[in-house]
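# Tertiary structure, described
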Amino acid sequence: MSVEKILSDWKKGTFKPVYWLEGDEPFFIDILINYAERNILNANEAGFNLTVFYGKDAEWATIMNACRRYPMFAERQVVILKEAQQMRDLEKLEPYIENPLASTVFIVSYKEKKVDGRSKLAKTLKQKSEFFSTKKLYDNQLPEWTNQLVQQHGLSISQRALTILVDHIGNDLSRIQNEIEKLEVNLGNRKNITEDDIENYIGVSKEFNVFEMQDAIAKKNFSKAIRIVQYFEANPKAAPIQMLLPALYNFFSKVFMIFGAGSNDEKAVASSLGINPYFIKDYMLAARSYNFTGVENVLLLLHEYNLRSLGIRDAGTTDAGLMKEMIFKIMN
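Residues numbered from 1 in each chain as written. Predicted model: local features only at pLDDT ≥ 70, side-chain atom pairs only at ≥ 80, totals over all residues. Heavy atoms only, no water.

Within the protein chain, the secondary structure is distributed over 16 helices and seven strands. Over its C-alpha trace the protein chain gives a radius of gyration of 25 Å, far above what one expects of a compact globule, namely 20 Å for 332 residues. Based on the C-alpha atoms only, the size of the protein chain along its principal axes is roughly 75 × 50 × 40 Å. The proportion of buried residues among the 332 residues of the protein chain is 46%. Of the contacts formed within the protein chain by residues at least 6 apart in sequence, a portion of 74% connects residues at least 24 apart. For the protein chain, the separation between the mean place of its 41 positive charges and that of its 42 negative charges on side chains is 2 Å. (Helix = DSSP H or I, 4+ residues; strand = E, 2+ residues; numbered from the N terminus. Rg over C-alpha atoms; globule rule 2.2 N^0.38 Å. Buried < 20%, exposed > 50% of the residue type's maximum accessible area, 1.4 Å probe, protein only. Contact = heavy atoms within 4.5 Å. Lys, Arg positive; Asp, Glu negative; His and termini not counted. Charge placed at Lys NZ, Arg CZ, Asp CG, Glu CD.)

If you want it as structure tokens, here you go:
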């Protein structure tokens, strides 16, 4: 069941006795927990019928007793267990989950982990609870997810602005949401987010960023690439080397796949590689500029310099020094 479906049921007043929310992506779990804590009960009902526990400090017997109470002056009560992954004796809640009270909505947040599927607790949960498991979005899913979030706020965003935003933040959904909310406030009556807005309100230069570095290397624009490295050298937080190298590796990995795509049709290649058609020309250009052997060499160099950036087989060359050296080798 999706976040949207659970929220839709709750808004309609449809509840299951037990909800188990687990997995690697806390953002979706937080959405459900925040809604449950603030919206399932009205203010008058919550005073008597909302109980929140934290796993680190909670005792299983206390939680079970709370769940087995009947609501006061309301149709239901809500019991929330946050950070359940930190709770001792969590498995002792299994008897209650096996036979829950219909008037209690018991919601468990079990973040960044998954319950052991071999355990009795896991088997009971999958039979008796609304079981919701999350996983991190893949990097290629982030632009579409971010664009949908922008639209939910009644806004639109240019493709380049979207790419700069996602490349800068990475796979941190909470931060992406916060930055979009910040942009919404600063845009005023305007509805379209531009590259200038990303630069002015989030602090990511529209000229010196990971996307522009990728573009410079793809086009073998040595002077532009070195200017960007010099900017990063003067602004170390703008794009650390450990953010740059994976982004470049992801780009050239897809460029490498073009040689096996078996087609020169841009739409067909974009579809087969999961690339936004808006950017496929950049990938195709890089494939032509470097050819098969050249792209293979780029990938090997990116791997080598990633190891060196971690201090492996390197005597302490600066990040900027590594980038300049690598760019020279890539383009020569």
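Resuming the write-up.
The next point concerns the side chain of Lys111. For Lys111, the location among the structural elements is in strand β4 (residues 104–111). Residues contacting Lys111, with those up to four places away along its chain left out, are Gly23, Pro26, Ile29, Asp30, Glu83 and Gln85.

For the rest of this paragraph, the subject is the nonpolar core. By size, the foremost hydrophobic cluster in this structure holds 86 residues, and its most contacted members are Trp10, Ile107, Ile198, Met213, Ile217, Phe252 and Met323. If you tally residues by element for this core, the top one is helix α15 (residues 280–309), at 12 residues. Those residues within four positions of Met323 in sequence are excluded, and the remaining contacts are Met213, Val229, Ile241, Leu244, Leu245 and Leu248. (Core = buried A, V, L, I, M, F, W, Y, C linked by side-chain atoms within 4.5 Å.)

Another aspect to go through is the sheet that holds strand β5 (residues 130–134). Taken in spatial order, the five strands line up as β2-β3-β4-β1-β5 in an open sheet, and their pairing is parallel. The sheet terminates laterally at β2 (50–54) and β5, the two strands that pair on one side only. Strand-to-strand twist of the sheet, defined as the mean angle between neighbouring strand axes without regard to direction, takes the value 10°. Across four bridges, the pairing between strand β1 (residues 18–23) and β5 is parallel. Along β5, the bridge assignment pairs Leu21 with Phe132. Against the sheet, helix α2 (residues 26–39) engages β1, β2, β3 (77–82), β4 and β5, with an angle of about 155° to β4. (Pairing = 2+ DSSP bridges. Axes fitted to C-alpha atoms, helices over the stretch in contact; angles between N-to-C directions.)

Here the focus is helix α7 (residues 142–152). Buried within α7 we find Leu142, Trp145, Thr146, Asn147, Leu149 and Val150. Check the buried side of α7 and you find it contacts α2, β6 (156–157), α8 (159–169), α9 (173–187) and β7 (192–193). Gly154 occupies a position one or two residues after α7 and carries a positive phi of about 75°.

What follows deals with the side chain of Glu212. The topology assignment puts Glu212 in helix α11 (residues 210–218). In terms of polar contacts, Glu212 uses its side chain to reach the side chain of Lys224, at 2.7 Å. Apart from residues no more than four positions distant in its own chain, Glu212 is found in contact with Arg160, Lys206, Glu207, Lys224 and Ile228. (Polar contact = N/O pair within 3.5 Å; in protein donor to acceptor, adjacent residues only side chain to side chain.)

Let us now look at α9. Between the first and last C-alpha of α9 there are 21 Å, a value that for 15 residues agrees with the 21 Å anticipated at 1.5 Å per step. Of all the positions in α9, only Leu173, Ile176, Glu179, Ile180, Leu183 and Leu187 are classed as buried. Taken around the axis of α9, the buried residues stretch over an arc of 125°, which confines them to a single face. Taken from the residues just after α9, Gly188 is the one with a positive phi, measuring 65°. (Expected span 1.5 Å × (residues − 1). Arc of directions from axis to C-beta.)

For the rest of this paragraph, the subject is unusual backbone geometry. Non-glycine residue Asp89 carries a positive phi angle of around 55°. Mapped onto the secondary structure, Asp89 falls in the loop between β3 and α5 (94–98). The backbone of Glu112 shows a phi angle near 60°, a positive value even though the residue is not glycine. Here Glu112 falls in the exposed class, since its relative accessible area comes to 55%.

Right, let's talk about the pattern of salt bridges for a bit. The full count for this structure, using the stated rule, is 25 salt bridges. Linking Glu212 and Lys224 is a salt bridge whose minimum nitrogen-to-oxygen distance equals 2.7 Å. Taken as a pair, Glu212 in helix α11 and Lys224 in helix α12 (residues 222–234) lie far apart in primary sequence, 12 residues in all. Grouping residues by exposure puts Glu212 and Lys224 together as buried. Close ionic contact of Asp215 with Lys224 constitutes a salt bridge, the shortest N to O distance being 3.2 Å. We classify Lys224 as buried; its relative accessible area is 17%. Three or more residues joined by partner-sharing salt bridges are found here, namely Arg160, Glu195, Glu212, Asp215, Lys219 and Lys224. (Salt bridge = Lys/Arg side-chain N within 4 Å of Asp/Glu carboxyl O.)

Here α7 crosses α8 at 115°, and the two axes come no closer than 10 Å. Of the possible angle classes, the one that applies to α7 and α8 is roughly perpendicular. The handedness of the crossing between α7 and α8 is right-handed. Facing Leu142, Pro143, Thr146 and Asn147 of α7, the residues of α8 in contact are Leu162, Leu165 and Val166. Classifying every residue of the contact of α7 with α8 by side-chain character gives five nonpolar, two polar and no charged. (Parallel < 35°, antiparallel > 145°, perpendicular 65-115°, else oblique. Left-handed = near helix turned anticlockwise from the far one by under 90°. Nonpolar A, V, L, I, M, F, W, Y, C, P; charged D, E, K, R; others polar.)

So yeah, pure geometry; function would need other evidence.
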